[in-house]
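Survey of secondary and tertiary structure
Below are the chains, spelled out letter by letter.
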Amino acid sequence: MDFDGDLNKDMQIPLQIRRYLTAIVLFTLVAPALAQNPTASIDFVPTRDGFRFKNYRNEAKRWTNDLLPDDLVRMFGPKTSCKSFAGGKCATLSPAAEQWRQEILESMDTGHCEGIAVACERMRQSMPFKGKASANSFQSAARDAWSLQRDETLENYIAYYWTTQTFDEVKALTAKTAAAGPLSIARTIFGALKAKNDTYVIRFAKYDPKTNRISEPHAVFPFAVEERPDRFVISLYDNNWPGQTRFMTVSKNATERWEYSSKENATAKPDYIGDKSTKTLEITATSWREGRCFASKWRTGVEKSGCSTTIAQNTAMSFINAAFRPFDEVDTGETAEFFLTDEGDMLITDPNGDRIGFDAGENYFFDEIDGAISSSLIGGFFEDVPHYTLPFIESDEFAYSVQFSGKYIDEESDLDFVYAAPYFTVGFSGIRLDPAETLRADVSTDGEQITFTASADGETPEVFFAFDADENDPNSYFAFIEGVELVAGKSLTFDFDFEQGKLLLSDDDGDRDAYDIRIVRVKPDGTLQVFEQDDLSFGKADRYEVDFRDWDGKGEMCFKDDGDGDGFSDEECVEEPNEDDGN
């Protein structure tokens, strides 16, 4: 029918009525097409429910308080994390927990995207954090999340939920979603948003098939999914671009190809592309982070109770864990945690010779260790910060070989290496990794012995030990050793014999070096006793034994020098003064 011809000519219908009838007919013709594109969504608006501020790094000095002792108690329970209490609160964390807290905080300098994505959705749902739920409970003048200014309280909230990405219970379930594939992920989000029974954070990354290497991860919050005949279109809040609605597509073809542009122009050519084979798309449910005590790396076999498990009672969304296995079915057993705090690649080789991580020599990423989980810490600034979980091997006879690679960094990276497992957190602080450089370290599986091989410029990092009390000694200890510069290719070796109360230090470069040593004893009541000695270099060779078991907690400490290389049993004790000034 010609609406401007025949209908007008034969029926002489007025122009306004003709236009009205035309609209009805056109709507009838278009409506079936619209019905083929159902959309599931929640009431999330980026300029109301997202934050106005951008993703950020650690800034000024206040970031050191973004994660507090009471946060670890909320996560893991008081018996797991706390050494002493005062006024009903944790006054002193155990050494292993405190060192882990500091290293996790260092890691957040890579960005906070994961924590921002979780916190804004929890706030929209009025889910409480330390008694605060709505935006105006954080800042009285705020009408919504968009009105909030960054302050210490809000940064603490964001840091808390950023940290949950490292937990085995969260990582294990998230890894299963990547294996399920992009279409399963899109349908899961669609179903959850439609049923209003859970929400998710989407994580994605790039993949190089030649090297099997995953890189540049990011996390965003999806709040709507449109299903089209050939693909899903997911609406996202990306905290690198506040106030915008961004889009990810997931194809329904056999490869399940997905695409996303992280550039300023959201419609620019996608720079993130993957499919089912790459396993670079995954989701983490909001419900998986709620309502339980999590397992810490440094303490096992204790009752995990006293965590803050409050979930908001909100009729709009009751978390019933709509997809994949519920988190209370996940049992990863005793595990060990390995991670870096800044850019670089890492390869862990276990005592059996199996590997997880990127091997710079072979230019390939390996995943050979049964039960291991490989991931990156998600900061949102597209940096590669590996985080691996391995089954814990409790032995003083075996060691992990660790390789650090700068093959894919553009400038020097100043990073820490952390190994956390039952009763200890140990590692290196201040590894200076240059582009294309490869460094080597070894750490015994019980965490007591560490060896580091110096780089071409002789730079060596600080070594730290943090051991918690066992049944034989109620005291716990920190130890920090630094100040040594070696000949390129030579090694430092430190052995912290916790049970015997001895610390052994040695290097093999043939030159006399000066060691800076700090040992902190933490008493059962949380009292700190500190010994400090700078520029230690009194012996014929750099092989020292420090006996801290019988130290009185304030005065001199016994040192021995194995100048003839036949052990310390025949050496005299040299009482070195305590240089600690109380600061």
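Up top is the structure.
Overview of the structure. (Residues numbered from 1 in each chain as written. Predicted model: local features only at pLDDT ≥ 70, side-chain atom pairs only at ≥ 80, totals over all residues. Heavy atoms only, no water.)

**As for the overall build of the chain**
Broken down by element type, the chain carries 11 helices and 30 strands. Summed over its atoms, the accessible surface of the chain is roughly 24,600 Å², and 46% of this surface lies on carbon and sulfur atoms. (Helix = DSSP H or I, 4+ residues; strand = E, 2+ residues; numbered from the N terminus. Areas by Shrake-Rupley, 256 points an atom, 1.4 Å probe, with all protein chains shown as cover.)

**Quick notes on the sheet that holds strand β16 (residues 386-391)**
On the basis of which strands lie adjacent, the open sheet formed by nine strands has the order β15-β16-β11-β18-β19-β22-β23-β26-β27 and antiparallel pairing. In this open sheet, the two strands that pair with only one neighbour each are β15 (373-376) and β27 (528-536). Going from strand to strand, the sheet's axes swing by 10° on average, the running direction of each strand aside. Relative to β16, β15 is paired through four bridges, and the arrangement is antiparallel. Paired with Ser-375 across the strands is His-387, a residue of β16. Where helix α10 (residues 168-180) meets the sheet, its contacts fall on β11 (335-340), β15 and β16, and the angle it forms with β16 comes to roughly 100°. (Pairing = 2+ DSSP bridges. Axes fitted to C-alpha atoms, helices over the stretch in contact; angles between N-to-C directions. Contact = heavy atoms within 4.5 Å.)

**Here's the deal with the pattern of salt bridges**
Under the definition given, this model contains 33 salt bridges. What you see here is one network of salt bridges that share partners, running through Glu-59, Arg-62, Arg-150 and Glu-155. (Salt bridge = Lys/Arg side-chain N within 4 Å of Asp/Glu carboxyl O.)

**A short note on α10**
Under the 1.5 Å per step criterion, the end-to-end length of α10 is 19 Å for 13 residues, consistent within 8% with the ideal 18 Å. Contact partners of the buried residues in α10: α11 (182-195), β4 (200-208), β10 (281-285), β11, β15 and β16. Two residues or fewer past α10, Gly-181 is found with a positive phi of approximately 105°. (Expected span 1.5 Å × (residues − 1).)

**Concerning the sheet that holds strand β20 (residues 438-444)**
One open sheet accounts for 11 strands, arranged β14-β13-β12-β17-β20-β21-β24-β25-β28-β29-β30; its pairing is antiparallel. Taken across any chain shown, the strands that pair with only one partner, and hence form the sheet edges, are β14 (364-367) and β30 (574-576). The average angle at which neighbouring strand axes cross in this sheet is 20°, direction not considered. Relative to β14, strand β13 (residues 355-359) runs antiparallel, the two being bridged by four bridges. In the sheet register, Gly-357 faces β14, and the bridge partner there is Phe-366.

**Description of the state of the cysteines**
Going through the model one piece at a time under the given rule, you end up with three disulfides. Of note for the chain: the bonded cysteines, numbered N- to C-terminal, pair according to 1-2, 3-4, 5-6. (Disulfide = S-S within 2.5 Å.)

**Points about a negative patch on the surface**
Together, Glu-482, Asp-534, Asp-535 and Glu-579 line one region of the surface with negative charge. In this fold, Glu-482 is placed in strand β23 (residues 476-482). Its relative accessible area of 38% is what places Glu-482 among the partly exposed residues. (Patch = residues over 30% accessible without salt bridge, like charges linked within 9 Å, V, L, I, M, F, W, Y side chains within 5 Å. Lys, Arg positive; Asp, Glu negative; His and termini not counted. Charge placed at Lys NZ, Arg CZ, Asp CG, Glu CD. Buried < 20%, exposed > 50% of the residue type's maximum accessible area, 1.4 Å probe, protein only.)

**Quick word on the packing of helix α7 (residues 113-124) against helix α9 (residues 152-163)**
Here α7 crosses α9 at 110°, and the two axes come no closer than 7 Å. Compared by their axis directions, α7 and α9 come out roughly perpendicular. Both α7 and α9 take part in a crossing whose hand is right-handed. Contacts from Glu-114, Gly-115, Ile-116, Val-118, Ala-119, Arg-122 and Met-123 of α7 reach α9 at Leu-154, Tyr-157, Ile-158, Tyr-161 and Trp-162. Tallied by class, the residues present in the contact of α7 with α9 amount to nine nonpolar, one polar and two charged. (Parallel < 35°, antiparallel > 145°, perpendicular 65-115°, else oblique. Left-handed = near helix turned anticlockwise from the far one by under 90°. Nonpolar A, V, L, I, M, F, W, Y, C, P; charged D, E, K, R; others polar.)

**As for the side chain of Asp-345**
Here Asp-345 shows up in strand β12 (residues 345-349). At 3.2 Å, the side chain of Asp-345 and the side chain of Arg-213 are in polar contact. Once residues lying within four places of it in the same chain are set aside, the contact partners of Asp-345 are Arg-213, Leu-340, Phe-358, Pro-386, Gln-403, Phe-404, Ser-405 and Tyr-408. (Polar contact = N/O pair within 3.5 Å; in protein donor to acceptor, adjacent residues only side chain to side chain.)

**Some remarks on the environment of Thr-425**
If you trace the backbone, Thr-425 turns up in strand β19 (residues 424-433). The exposure class of Thr-425 is buried, given its relative accessible area of 0%. If near-sequence neighbours (up to four positions away) are discounted, Thr-425 is found in contact with Ala-96, Gln-99, Trp-100, Trp-298, Val-418, Tyr-419, Ala-420, Phe-464, Phe-465 and Ala-466. Within the structure, the side chain of Thr-425 is placed 2.8 Å from the backbone oxygen of Ala-96, a separation counted as a polar contact.

**Regarding the packing of aromatic side chains**
In total, this model carries 49 aromatic pairs according to the counting rule given. With centroids separated by 5.0 Å and ring planes inclined at 10°, the aromatic side chains of Phe-51 and Phe-53 adopt a geometry described as stacked. Seen in terms of ring centroids, Phe-424 and Phe-467 are 5.7 Å apart; in terms of plane orientation they differ by 35°. Their pairing is tilted. You can see Phe-424 sitting in strand β19 and its partner Phe-467 sitting in strand β22 (residues 462-467), a full 43 residues away along the chain. Since its relative accessible area comes to 3%, Phe-424 is described here as buried. Above the plane of the ring of Tyr-160 lies Arg-74, whose end atom (NZ or CZ) is 5.3 Å from the centre. For Lys-252, the ring lying beneath its charged end belongs to Phe-232, and the centroid distance is 5.1 Å. (Phe/Tyr/Trp six-rings, centres within 6.5 Å; stacked < 30°, edge-to-face > 60°. Lys NZ or Arg CZ within 6 Å of the ring centre and 35° of its normal.)

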